[in-house]
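Working through the structure, step by step
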Amino acid sequence: LYFDIRDDQWPLVYDEKYNVSVLGLEKLHIFDAKKWGNIIQHLLRAKLITKDCLVHPNEAKKEDLLVVHTKKYLQSLKWSPRVAVIAEVPAVACLPNILVQYAYLKPMRLQTGGSVLAGKLALERGWAINVGGGFHHCSSDKGGGFCPYADITLLVRFLVDNEMIQNAMIVDLDAHQGNGYQRDFLGVPEVYIMDMYNKHIYPKDKEAKRAIRRKVELDHLVEDTEYLLKLHKHLKAALDDFKPDILVYNAGTDILDSDPLGHLSITEEVNMI
């Protein structure tokens, strides 16, 4: 999953195969399964990037996933009803698993490879972005919330195993609690977790919360000023508490007032800061 990129390339990781299409069934879920391509098209139309500057990752293979995931969990993904629960599209349970693997899980494995690669590139270039990934509800042995692979855990584990870092900070600003990697890093002091989320919505994982070193729980309909003040205060405190070798930021547009799942009231202007 690690490889070198050209000097003229940006550490901006994306592949058109990130986008999911399962016979149109992806439209049955409120999650935009083509949002990654929409982001890139917007940047291209605005002439902020060119296609040549993008980095195309490699797909995470079984041996890569086994760095974190259990064999039992990976085997469970060969059963379409199990994948349907993770994808939150019941109709997927009726599809042949070979189609589910190709149309849904393969793009997710490619995005996972993108997250792992972004970790390496961030150390080399000072920053990196994977346009996909951020599957923060998936742990080593359980997926959920449209998150089939634990890419955040894998990103950190690959860097540690390759002796590129000794510690890491995860700052999660998705509207939902990032319970997946939190379960993976329970009792691991080398990983500092700051999570800022709506406490009234999915997943409400009390066990996973024990891994959060700086927990910022929000109520419904929090607006710009309160959000920014809390973010500034707690992020500064987190960086005073802990000096990471790398900071992994999990972004989420579901904090926006236009998102039906996050139940927060943040404007687009704030989300672009």
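Everything numeric here is computed off the predicted structure, so don't read it as measured data.

A short note on the overall build of the protein chain
Scanning the protein chain for helices and strands turns up 10 helices and six strands. In terms of principal-axis extent, the alpha carbons of the protein chain reach across some 50 × 45 × 45 Å. Per-residue burial over the protein chain gives 53% buried out of 273 residues. Long-range pairs, those at least 24 residues apart, make up 66% of the contacts in the protein chain between residues at least 6 apart in sequence. By element, 54% of the accessible surface of the protein chain is carried by carbon and sulfur atoms, the whole surface being about 13700 Å². Side-chain charges in the protein chain split into 33 positive and 37 negative, and the spacing between the mean points of these groups amounts to 5 Å.

Digging into the environment of Asp 195
In this fold, Asp 195 is placed in strand E4 (residues 191-198). Owing to a relative accessible area of 0%, Asp 195 belongs among the buried residues under this scheme. Along the chain, Asp 195 and Val 171 lie 24 residues apart, while their C-alpha atoms are 6.0 Å from each other. Residue contacts for Asp 195: discarding those within four places in its chain leaves Asp 172, His 176, Gln 177, Gly 178, Tyr 181, Gln 182, Ile 212, Arg 214, Lys 215 and Val 216.

Quick word on the state of the cysteines
A full pass over the atoms with the stated rule returns zero disulfides. We note that Cys 138 lacks a disulfide partner, and the nearest cysteine sulfur, in Cys 147, lies 7.0 Å from it.

Cut-offs used in this document
Residues numbered from 1 in each chain as written. Predicted model: local features only at pLDDT ≥ 70, side-chain atom pairs only at ≥ 80, totals over all residues. Heavy atoms only, no water. Helix = DSSP H or I, 4+ residues; strand = E, 2+ residues; numbered from the N terminus. Buried < 20%, exposed > 50% of the residue type's maximum accessible area, 1.4 Å probe, protein only. Contact = heavy atoms within 4.5 Å. Areas by Shrake-Rupley, 256 points an atom, 1.4 Å probe, with all protein chains shown as cover. Lys, Arg positive; Asp, Glu negative; His and termini not counted. Charge placed at Lys NZ, Arg CZ, Asp CG, Glu CD. Disulfide = S-S within 2.5 Å.

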